[in-house]
Each structure stands twice: as structure tokens, then as C-alpha cells.
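Coordinate analysis (summary)
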Amino acid sequence: DAPRPDDLLALALEAARAATRLLVDERPADLRVTAKSSPTDPVTEMDRASERLVVETVRAARPGDGFFGEEGSDSAGTTGVVWVVDPIDGTVNYLYGLPHWSVSIAAEVDGTVVAGVVAAPVLGETFVATQGGGAFVERADGSRRRLQVTEDVPLERALVGTGFGYAAERRAAQGAVLARLLPQVRDIRRNGSAALDLCDLAAGRLDAYYERGVNRWDTAAAALVAREAGARVGGLRGEPDSPQLTAAAAPALFERLVEVLAGLGADAG
Ligand code: IPD
């Protein structure tokens, strides 16, 4: 029998809580200084420790499942369930002590994401979704609110989130696209966590999001949150979202955004 999305969500939440506790409680006070001078990057150490804890927590409950994670987990498993894990999305924010970072965990069944958690402990928010079950934000005070994207925003009034890759050449291309998009929108945000950008879109705090070069672990959980809140998430020409380009917005704005981005060659370079 296929596992129930709600059960997978509960396990994802348990794993996310363990990882966020570790990342908050064990964050070295001098992380930024040490990160500069140490040969083994402590951010990577925290990334690895977080991914290890997620894998251990899930494995204790479901030993046969597979994993795909930013820090190297890659196993198919035997159950049809694969957990897609970003142990810290927004690593640079985490490094600098900025609050905008998250732990992202998605559960795929036979290649389809059916449950997702994006936990942002410093913001006190956890975004959750199950396929067909809606998207919600749970706050540290125990409250829970259903998420819904903002509809009917024209591009010129859209607040658009985006992000940049790490390679210089990619950044130059992204900067060139941004320079031509900026005059056509309300404003741009670069908050530093692709997963939280999609969750902010779901919560109506951004009207749209696009980025070239994101990885499967950055968006697996958050794309479900955005879709369950009414967003379209996809690529430039009707294909699914991919490293070529991930765009997301309420359906009408999505259409317009990808038209403009295609005209700007946002999926090249
Ligand atoms: C990064 C963040 C950032 C996005 C980058 C990602 P990481 O993930 O999501 O917002 O612009 O493309 O690589 O490296 O912090 O896990």
C-alpha cells in the first residue's frame, strides 16, 4: 500500500524539528569568522550534520526509503518513497546570522511530491503541504493558517522574488535579465532562500518568483506549498520547473511573467 501523505508529512515535520533544533542550538557563535579561516567549512559541517539527522530520523521510522539531498544523500530505496532534503536553504543567511533560512524536506512517492515541509525556525514559521490537502503555515505560538496566493496582480504591480547562482558567469547573465525586468515590476526581492521565496509567494507576501539554476532540493517541498496555495510553478515554455528556469505566480501573472522572461532570454547563460 502507498503510504498516506499525512503520515509522510508527520515524519517530515519530526525530522525538520530535529534538524532546526540542531541548527539553532549548536550554531557556533563565531561561525562567520571560522567559516573564513577554516579549511573544512563549518557551514558545510552544519549542513552535513543537519542532513545526517534528517536521514537518521526518517530511516528510524521507514528503513527502506530512498534519499536525495544537497549534501550527497543519493539512494533510490526499495519502497517507492524518496525524501528530497535541503538541510539548510539560505546558507549565506545562516552564515551571517540573518533569519531567512530554512530546512526543506519533501516526500516523493513514485516520483511525485506528496508532502512537503519548509521550516524556518528563526522566523518562527513552518510551511506544510500535502498533495490535494492544501498548504498551511504553522507559527511558533501554535496557530495555523491556510495559504492562498494573491490573484489578479498585473506584472507592473508585482513584487517579484528571485535569486542568483554562485558562479560569476551565471550571475552576470542573471544581472542583465534583472536590469531589464526591474523597470517593469513593482520591485524585486532577493531574500536568499528559494524555498522561502516560494512559501512567501504562497502566503501572498510575494506576487511572483523566478530563478535560473535552482536544484531539486531547493524547491521540491516549497513548490508543493506554492501549488497547493493556488500558484502555477513551471518553466518558460510549459515544461515543468527545472534548472533552466523555475517561475511561480498565480496563473494569470505566471503566463505574463514567463512571456516577459522568455523575451529576455532568462533561461540562457
Ligand atoms: C540557495 C538559495 C538561494 C538561491 C540559490 C540557492 P543554498 O540555496 O536558495 O536563494 O538563490 O540559487 O542555491 O545554497 O542556500 O542551499
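Residues numbered from 1 in each chain as written. Predicted model: local features only at pLDDT ≥ 70, side-chain atom pairs only at ≥ 80, totals over all residues.

If you check an unreviewed UniProt entry, the protein appears there as Inositol-1-monophosphatase from Motilibacter peucedani. For the record of the protein, the UniProt heading Function (unreviewed entry) holds the text "Catalyzes the dephosphorylation of histidinol-phosphate to histidinol, the direct precursor of histidine." Annotation of the protein in UniProt includes, under Cofactor (unreviewed entry), the sentence "Mg(2+)". (UniProt positions renumbered as here; feature names shortened; annotations may be inferred.)

**Thoughts on the UniProt feature "binding site: Mg(2+) 1" (unreviewed entry) in the protein**
The positions that UniProt labels "binding site: Mg(2+) 1" (unreviewed entry) are, in the present scheme, Glu70, Ile88 and Asp218. Spatially, the listed residues are clustered: although they cover 149 residues, their C-alpha atoms lie within 9.2 Å of one another. Take Glu70: it is sitting in the loop between strand E1 (65–69) and strand E2 (74–77). Looking at Glu70, the number of C-beta atoms within 10 Å reads 21, which means it is buried. Not counting the four nearest positions on each side in its chain, Glu70 is found in contact with Asp47, Glu51, Asp86, Pro87, Asn215 and Trp217. Among the structural elements, Asp218 can be located in helix H7 (residues 216–228). Excluding anything up to four places from it in sequence, Asp218 contacts Asp86, Asp89, Ala194 and Ala195. (Helix = DSSP H or I, 4+ residues; strand = E, 2+ residues; numbered from the N terminus. Buried ≥ 20, exposed ≤ 12 C-beta atoms within 10 Å, placed from the backbone. Contact = placed C-beta atoms within 7 Å.)

**With respect to the packing of helix H1 (residues 5–25) against helix H3 (residues 42–61)**
The N-to-C vectors of H1 and H3 enclose an angle of 150°; their axes lie 9 Å apart at closest approach. As judged from the angle between their axes, H1 and H3 are roughly antiparallel. Of the two elements, H1 crosses H3, and the hand of that crossing is right-handed. Of H3, the residues touching H1 (which contributes Leu11, Glu14, Ala15, Ala18, Ala19, Leu22 and Leu23) are Met46, Ala49, Ser50, Leu53, Val54, Thr57, Val58 and Ala61. Across the contact of H1 with H3, the residue classes tally to 12 nonpolar, 2 polar and 1 charged. (Axes fitted to C-alpha atoms, helices over the stretch in contact; angles between N-to-C directions. Parallel < 35°, antiparallel > 145°, perpendicular 65-115°, else oblique. Left-handed = near helix turned anticlockwise from the far one by under 90°. Nonpolar A, V, L, I, M, F, W, Y, C, P; charged D, E, K, R; others polar.)

**Overview of the sheet that holds strand E5 (residues 112–120)**
Strand order in the open sheet made by the 8 strands is E2-E1-E3-E4-E5-E6-E7-E8, with mixed pairing throughout. Edge positions in the sheet fall to E2 and strand E8 (144–146), since each of these pairs with one other strand and no more. For this sheet the average axis-to-axis angle between neighbouring strands, irrespective of direction, equals 20°. For strand E7 (residues 134–139) and E8, the ladder comprises 3 bridges, and the chain directions are antiparallel. Residue pairing for E8: Val137 is matched across the bridge by Arg145. Running at roughly 30° to E5, H1 makes contact with strand E3 (81–89), strand E4 (102–109), E5 and strand E6 (125–130) of the sheet. Contacts from helix H6 (residues 194–202) reach E3, E4, E5, E6 and E7, with the element oriented near 100° to E5. (Pairing = 2+ DSSP bridges.)

**Observations concerning the environment of Val58**
Tracing the chain through its elements places Val58 in helix H3. It is 9.4 Å that separates the C-alpha atoms of Val58 and Leu8, two residues lying 50 residues apart in sequence. Aside from chain neighbours lying at most four places away, what touches Val58 is Leu11, Ala15, Asp65 and Trp83.

**Overview of the sheet that holds strand E13 (residues 246–249)**
The sheet built from 5 strands is open, its strands ordered E10-E9-E11-E13-E12 with mixed pairing. Two strands bound the open sheet, and with one partner strand each, they are strand E10 (187–189) and strand E12 (232–234). Pairs of neighbouring strands in the sheet enclose a mean axial angle of 15°, with direction left out of account. Across the sheet, helix H8 (residues 251–263) is in contact with strand E11 (208–211), E12 and E13; its angle to E13 comes to roughly 145°.

**A look at the pairing of E3**
Across the 9 residues of E3, 9 count as buried, placing the element largely inside the fold. Bridge count for E1 against E3 is 4 bridges, and the pairing is parallel. Residue pairing for E3: Gly69 is matched across the bridge by Val85. Judged from the 7 bridges that link them, E3 and E4 form a sheet pairing that is antiparallel.

**Some points on the UniProt feature "binding site: Mg(2+) 2" (unreviewed entry) in the protein**
In the numbering adopted here, UniProt assigns the feature "binding site: Mg(2+) 2" (unreviewed entry) to Asp86 and Asp89. Its place among the elements puts Asp86 in strand E3. Among residues more than four places away in sequence, those in contact with Asp86 are Glu70, Ser104, Ala195, Trp217 and Asp218. Here Asp89 is to be found in strand E3. Apart from residues lying up to four places away in sequence, Asp89 is in contact with Trp101, Ser102, Ser104, Ser193, Ala194, Ala195 and Asp218.

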